[in-house]
Amino acid sequence: MALAEVYWDHQIPLPKLAAVQAKVTVALVALLCFINSYDGEFVFDDSEAIVNNKVAGIVGRADLLCALFFQLSFLTYCKAFNRGTDGNDRFSVHWVMVSLLLCAAAMLCKEQGITVLGINAAFDVLLICNVNVYELSQRLLLRKNPLDLLRRGLLTRLTLMGLGGLSMLYARWRIMGTGPPAFTEVDNPASFAENIFLRIVNYNYYYCLNAWLLLCPWWLCFDWSMGCVPLIKSATDWRMVWLLLIWCVLIGLISQALCSQDSQRRRTLTLGLVLLVVPFLPASNIFFRVGFVIAERVLYLSSAGYCLLLAYSLGHCCCRWKLLCVLVLALLCVYVARCALRSYQWRSERSLFTSALSVCPLNAKVHYNVGKNLADRGNSTAAIQYYREAVRLHPTYVHAMNNLGNILKERNELVEAEQLLSKAVAIQPDFAAAWMNLGIVQNSLQKFEEAEQSYWNAIRFRKKYPDCYYNLGRLYADQNRHVDALNAWRNATMLKPEHSLAWNNMVILLDNTGNLGQAELIGREALKLLPNDHTIMFSLANVLGKLQKYKESEAFFLHALRINPNAASCHGNLAVLYHRWGKLELAEKHYELSLKLDPEAPGTRDNYNMLRRKLDQLKRSTP
């Protein structure tokens with residue numbers, strides 16, 4: 001109400017009015033950003049979902065910094081008029097330039113930040129120059145000279161902002177590679193509608209949903225794509241009522257802003273509409289296609305205009321001050337309660353994903369992320385249900401097919417896993433992860449030729465794919481193609497030097513084929529890169545033991561046991577080393593430790609019995 005009262009007081013000097021307006025705007029934006037707890041979007045790779053909390057999470061700093069520099073740019077522009085005594089004829093070019101620099105900083109954080117230039121221009125025209133927009137438009141339509149309505153210096157300031165804005169757009173255009181990003185129908189289905197009428201209708205419905213989120217931020221979701229908002233496909237859809245309602249409200253506000261006899265009301269409503277609409281324009285699909293249906297973060301800046309209009313409306317609709325205070329207090333309590341609930345939902349992926357099920361039950365990505373979270377926590381049975389629902393809602397959802405196929409592969413349901421993964425690569429032929437997983441399943445089904453081709457397809461679409469080279473090496477090893485297996489594993493280690501499994505398999509394969517010298521060299525090379533990898537130490541120790549380098553072998557076994565003291569196989573093989581070395585008491589000790597950790601260890605029981613017989617013979621032969 002402080003803002004509305006300032007506008008009603010005709011005696012307040014314009015520079016002071018500008019300062020109060022700017023400071024209250026900053027306060028209202030900060031308050032709404034805190035209260036509404038707007039969410040972000042998800043970023044996806046082959047099988048992961050990375051949560052980006054746009055309010056409390058560090059990854060949300062871009063939107064928050066954009067809002068900060070946006071408001072600082074506006075405050076700085078207001079400061080440009082504080083030097084004059086009357087605030088009409090003097091302004092500081094330096095402060096205008098600082099405002100442009102802060103605008104550039106806001107745009108570098110988020111492209112939406114450049115819209116502050118429109119806010120500054122509207123502020124200048126409406127509050128500094130006190131221009132009657134309706135009269136100005138009438139003069140333009142009647143081709144009369146409108147310059148006598150504009151105060152001296154306005155054209156200079158608008159020219160500076162226009163040149164600055166064009167420079168920023170050109171820089172951004174060059175950074176983007178002279179082309180806009182590409183989006184799919186899943187990201188923004190309305191923008192792909194063939195009928196332009198339906199496209200416009202659905203865009204307007206999105207505006208209604210954004211307006212509702214400003215008014216009542218209760219239904220919040222981390223992602224609004226993939227069928228979360230069903231398209232309006234005919235004029236008889238009941239949701240058309242919301243379009244008529246929002247345009248009635250907007251037309252009413254615009255008519256009051258242009259035609260009201262009260263100059264303060266005109267300026268307040270016009271500035272409120274500008275603050276509401278201009279920051280939202282980049283997300284409106286009017287100038288270019290955006291990559292989302294609804295993105296709650298884009299309402300950060302528009303919330304300033306919403307707060308201004310709400311404060312002004314409450315001031316005129318409520319004639320009793322106490323009643324107004326009660327209404328505002330109740331609204332704040334509701335928002336604070338919603339903020340607390342939403343913050344609690346953001347505490348874990350499980351609660352966040354689950355909360356979206358009631359808001360967007362038709363969103364396949366919501367079901368995918370719930371299933372992914374359940375799978376990560378080991379509940380594969382429940383994860384399968386959500387993955388199946390994601391595929392049902394979006395039959396071409398290749399990521400859900402890939403993850404579902406992986407779970408089915410682990411459950412040994414190989415036939416269905418192969419069908420799902422084959423369908424995924426048919427839909428998206430360059431899906432490298434699905435090709436690799438398909439190769440693993442085909443290998444398990446002993447379809448070796450098909451598996452090899454799948455692996456090579458994966459590598460063709462992702463040149464640097466060490467895991468695929470590793471699996472390809474396993475395929476070759478199963479076929480006794482030892483040279484090809486070694487080459488594949490060597491490629492894996494070249495692409496990913498810390499690939500422990502590839503190093504270890506090379507040592508084991510060379511050991512099994514009798515190439516002990518080469519196995520030793522590979523093992524030592526691996527340990528230079530992975531000095532604390534106990535599996536490579538174990539394999540190298542076995543090789544050194546066969547080469548009768550008992551001391552070095554013992555050192556590696558003991559080092560491996562310090563890292564992983566409960567490795568039964570390591571105790572058993574160390575016992576074999578001591579057995580060969582003639583240190584029978586130490587061999588007996590480690591045989592017993594190995595059997596204690598794993599009573600069913602293959603060969604350990606037989607070796608232990610052999611040692612016991614040898615010890616008994618030594619005791620009997622000792623006088």
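Residues numbered from 1 in each chain as written. Predicted model: local features only at pLDDT ≥ 70, side-chain atom pairs only at ≥ 80, totals over all residues. Heavy atoms only, no water.

Draft legend 1. Here's a closer look at the UniProt feature "transmembrane region" (unreviewed entry) in the protein chain. In the numbering used here, UniProt assigns the feature "transmembrane region" (unreviewed entry) to residues 90-108, 114-133, 204-221, 241-258, 270-291, 298-315 and 321-341. The distance from the first to the last C-alpha atom of residues 241-258 is 26 Å, and the span holds 100% helix and 0% strand. Secondary structure over residues 321-341 splits into 100% helix and 0% strand, and the C-alpha atoms at its two ends are 30 Å apart. (UniProt positions renumbered as here; feature names shortened; annotations may be inferred. Helix = DSSP H or I, 4+ residues; strand = E, 2+ residues; numbered from the N terminus.)

Draft legend 2. Just the nonpolar core, in detail. Trp 224, Val 229 and Trp 489 are the most contacted members of the largest nonpolar core, which totals 132 residues. Ranked by residue count, the leading element in this core is helix α8 (residues 196-215), at 9 residues. Sequence-distant contacts of Val 229, that is, excluding residues within four places in its chain, are made with Tyr 205, Tyr 206, Leu 209, Trp 224, Val 293 and Ile 294. (Core = buried A, V, L, I, M, F, W, Y, C linked by side-chain atoms within 4.5 Å. Buried < 20%, exposed > 50% of the residue type's maximum accessible area, 1.4 Å probe, protein only. Contact = heavy atoms within 4.5 Å.)

Draft legend 3. Just the packing of aromatic side chains, in detail. Tallied over the entire structure, the rule returns 11 aromatic pairs. Note on Phe 74 and Phe 123: the rings are 5.2 Å apart at their centroids and 80° apart in plane angle, and the pair reads as edge-to-face. A residue pair is termed long-range when its members are at least 10 positions apart, and Phe 74 in helix α3 (residues 61-79) and Phe 123 in helix α5 (residues 116-128) qualify at 49 residues. Here Phe 74 falls in the buried class, since its relative accessible area comes to 1%. Measuring from centroid to centroid gives 5.8 Å for Tyr 368 and Tyr 387, while their planes differ by 55°, and the two rings are tilted. Within this pair, whereas Tyr 368 is found in helix α14 (residues 364-376), its partner Tyr 387 is found in helix α15 (residues 380-393), the two being separated by 19 residues in sequence. Pair check on accessibility: Tyr 368 and Tyr 387 agree, each one buried. (Phe/Tyr/Trp six-rings, centres within 6.5 Å; stacked < 30°, edge-to-face > 60°.)

Draft legend 4. Summary view of unusual backbone geometry. Backbone geometry places Gln 446, a non-glycine residue, at a positive phi of 60°. Looking at where Gln 446 falls in the secondary structure, it is placed in the loop between α18 (432-444) and α19 (448-461). Since its relative accessible area comes to 61%, Gln 446 is described here as exposed. The backbone of Asn 480 shows a phi angle near 60°, a positive value even though the residue is not glycine. In this fold, Asn 480 is placed in the loop between α20 (466-478) and α21 (482-495).

Draft legend 5. Layout of the environment of Met 168. Of note, Met 168 is situated in helix α7 (residues 154-175). Separated by 61 residues in sequence, Met 168 and Met 107 place their C-alpha atoms 8.1 Å apart.

Draft legend 6. Looking closely at the state of the cysteines. On inspection of all chains with the given rule, the structure shows 1 disulfide. Paired by a disulfide, Cys 228 and Cys 360 hold their sulfur atoms 1.7 Å apart. Of this pair, Cys 228 sits in the loop between α8 and α9 (240-259) while Cys 360 is found in the loop between α13 (349-359) and α14, placing the two residues 132 residues apart along the sequence. The exposure class of Cys 360 is buried, given its relative accessible area of 0%. (Disulfide = S-S within 2.5 Å.)

Draft legend 7. Molecular detail of the pattern of salt bridges. Counted under the stated rule, the structure contains 17 salt bridges. When the shortest N-O distance is used, the salt bridge between Arg 524 and Glu 552 registers 2.8 Å. On the criterion of sequence distance, the pair formed by Arg 524 in helix α23 (residues 516-529) and Glu 552 in helix α25 (residues 550-563) is long-range, its members being 28 residues apart. Taking relative accessible area as the criterion, Arg 524 reaches 27% and is therefore assigned partly exposed. We classify Glu 552 as partly exposed; its relative accessible area is 34%. Where Glu 588 meets Arg 612, a salt bridge forms, and the shortest distance between an N and an O atom there is 2.5 Å. Here the residue Glu 588 occupies a position in helix α27 (residues 584-597), and Arg 612 occupies one in helix α28 (residues 604-621), the gap between them amounting to 24 residues. On the accessibility criterion, Glu 588 (18% relative accessible area) is buried. Since its relative accessible area comes to 28%, Arg 612 is described here as partly exposed. (Salt bridge = Lys/Arg side-chain N within 4 Å of Asp/Glu carboxyl O.)

Draft legend 8. Seen up close, a nonpolar patch on the surface. Side chains of Trp 212, Leu 215, Trp 218, Trp 219, Val 334 and Leu 341 sit close together on the surface and give an oily, nonpolar patch of about 580 Å² of accessible area. At the level of elements, α8 and α12 (321-345) are the ones that each hand at least two residues to the nonpolar patch. Note that Trp 212 resides in helix α8. A relative accessible area of 37% means that Trp 212 is categorised as partly exposed. (Patch = residues over 30% accessible without salt bridge, like charges linked within 9 Å, V, L, I, M, F, W, Y side chains within 5 Å. Areas by Shrake-Rupley, 256 points an atom, 1.4 Å probe, with all protein chains shown as cover.)

Draft legend 9. Looking closely at the environment of Asn 210. Position of Asn 210 among the secondary structure elements: in helix α8. Overall, the relative accessible area of 5% leaves Asn 210 in the buried class. In this structure the C-alpha to C-alpha distance between Asn 210 and Leu 299, which are 89 residues apart in sequence, comes to 7.7 Å. Here Asn 210 is in contact with Phe 280, Ile 294 and Leu 299, once residues within four sequence places are set aside. From its side chain, Asn 210 meets the backbone oxygen of Tyr 206 in a polar contact 2.8 Å long. (Polar contact = N/O pair within 3.5 Å; in protein donor to acceptor, adjacent residues only side chain to side chain.)

Draft legend 10. The arrangement of the side chain of Ser 191 in detail. Looking at where Ser 191 falls in the secondary structure, it is placed in the loop between α7 and α8. For Ser 191, a relative accessible area of 4% gives the class buried. Here Asn 188 takes part through its backbone oxygen, which lies 2.7 Å from a polar atom of the side chain of Ser 191. Among the polar contacts listed, one links the side chain of Ser 191 to the side chain of Arg 289, at a separation of 3.1 Å.

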